[in-house]
Amino acid sequence: MKVVCVLGSPRSKGNSSFLARRICDRVRSSGAKVKIFSLNKISYRGCQGCMACKDKLERCGVDDDLSQVLEAVRLSDCLILATPVYYGDVSSQLKAFIDRTFSFLKPDFPSNPMPSRLAPGKKMVFILTQGQPDEDQFADIFPRYDSFFRLYGFSTTLIRVCGVFNPGDVENHPEALQWADETAERLIKS
Ligand SMILES: Cc1cc2nc3c(=O)[nH]c(=O)nc-3n(C[C@H](O)[C@H](O)[C@H](O)COP(=O)(O)O)c2cc1C
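Overview of the structure. Every value quoted in this text rests on a predicted model; they were computed, and no experiment measured them.

## Thoughts on the overall build of the protein
When helices and strands are tallied, the protein shows six helices and five strands. Listing the helices and strands of the protein from first to last along the sequence gives β-α-β-α-α-β-α-β-α-β-α. By the compact-globule yardstick of 16 Å for 190 residues, the protein fits well, its C-alpha radius of gyration being 16 Å. When the backbone C-alpha atoms are referred to their principal axes, the protein occupies close to 50 × 35 × 30 Å. For the protein, contacts bridging at least 24 residues in sequence account for 73% of all contacts bridging at least 6.

So this is what it looks like as structure tokens:
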């Protein structure tokens, strides 16, 4: 199994990255090949709306550090996305990555019943951590992005942890650790 993990938090030892790395460590010890990309450490632009991915190319027309991340996702079996909630949304680092995944869609995607350029059968784990303990707050984030990843053909899982603010808080959240471990086990068995 090839796993690509995209860390959207600028805090390399923050809550979302901790959970993502925990899953990565588990699946790696079961033989998976894991690549981890920390978006905050690479240089890239958001989607330029150039439509090169629809008019001329089968990939994103912007060549920068994100090109290798998008290519790794294309070749992977499983994508792990991890992000803090910032101002009621994913981090800006992750949002720019998501915009560039527009290149995964075929030119005729609005009418094509098979709109994705990606091979079918990929899995995606979406890890969201937020400071606000009220689960009703920011519950809209995952469904909004999930619909796009389903269009790409991913089957998706959410790990959402509320009420974690400082780096390390999630390590004192036994349920979150259990969700991460169960998710890793499911990936290993699949
Ligand atoms: C700029 C900024 C904006 C934030 N906005 C929110 C927010 O809208 N809602 C919320 O619940 N927490 C918010 N938080 C708190 C983070 O979501 C929380 O600390 C989270 O656990 C960080 O994850 P990380 O450690 O993986 O970076 C914000 C934090 C920062 C620094």
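Following the structure, the description resumes.
## Digging into the site of the ligand
Taken together, 19 residues lie near the ligand, and G14, S16, P84, G131 and Q132 sit nearest. At the level of secondary structure, the elements contributing two or more residues to the shell around the ligand comprise α1 (15-29) and β4 (123-130). Broken down by element, the residue count for the shell around the ligand peaks at three residues, all from α1. In terms of residue class, the shell around the ligand is made up of eight nonpolar, ten polar and one charged.

## Describing the environment of F18
Its place among the elements puts F18 in helix α1. In this structure F18 comes out as buried when scored by C-beta crowding, with 25 C-beta atoms within 10 Å. On a C-alpha basis, the gap between F18 and V170 in space is 7.8 Å, while along the polypeptide they are 152 residues apart. Leave out the neighbours within four places in its chain, and F18 touches K13, V170 and E171.

## As for the nonpolar core
Core analysis: the largest hydrophobic core is formed by 46 residues, its most contacted members being L19, I80 and I127. Looking at this core element by element, the count peaks at six residues for α1. Excluding anything up to four places from it in sequence, I127 contacts S16, L19, A20, I80, L81, A82 and I159.

The rules behind each value
Residues numbered from 1 in each chain as written. Predicted model: local features only at pLDDT ≥ 70, side-chain atom pairs only at ≥ 80, totals over all residues. Helix = DSSP H or I, 4+ residues; strand = E, 2+ residues; numbered from the N terminus. Rg over C-alpha atoms; globule rule 2.2 N^0.38 Å. Contact = placed C-beta atoms within 7 Å. Near = placed C-beta within 6 Å. Nonpolar A, V, L, I, M, F, W, Y, C, P; charged D, E, K, R; others polar. Buried ≥ 20, exposed ≤ 12 C-beta atoms within 10 Å, placed from the backbone. Core = buried A, V, L, I, M, F, W, Y, C linked by C-beta atoms within 7 Å.

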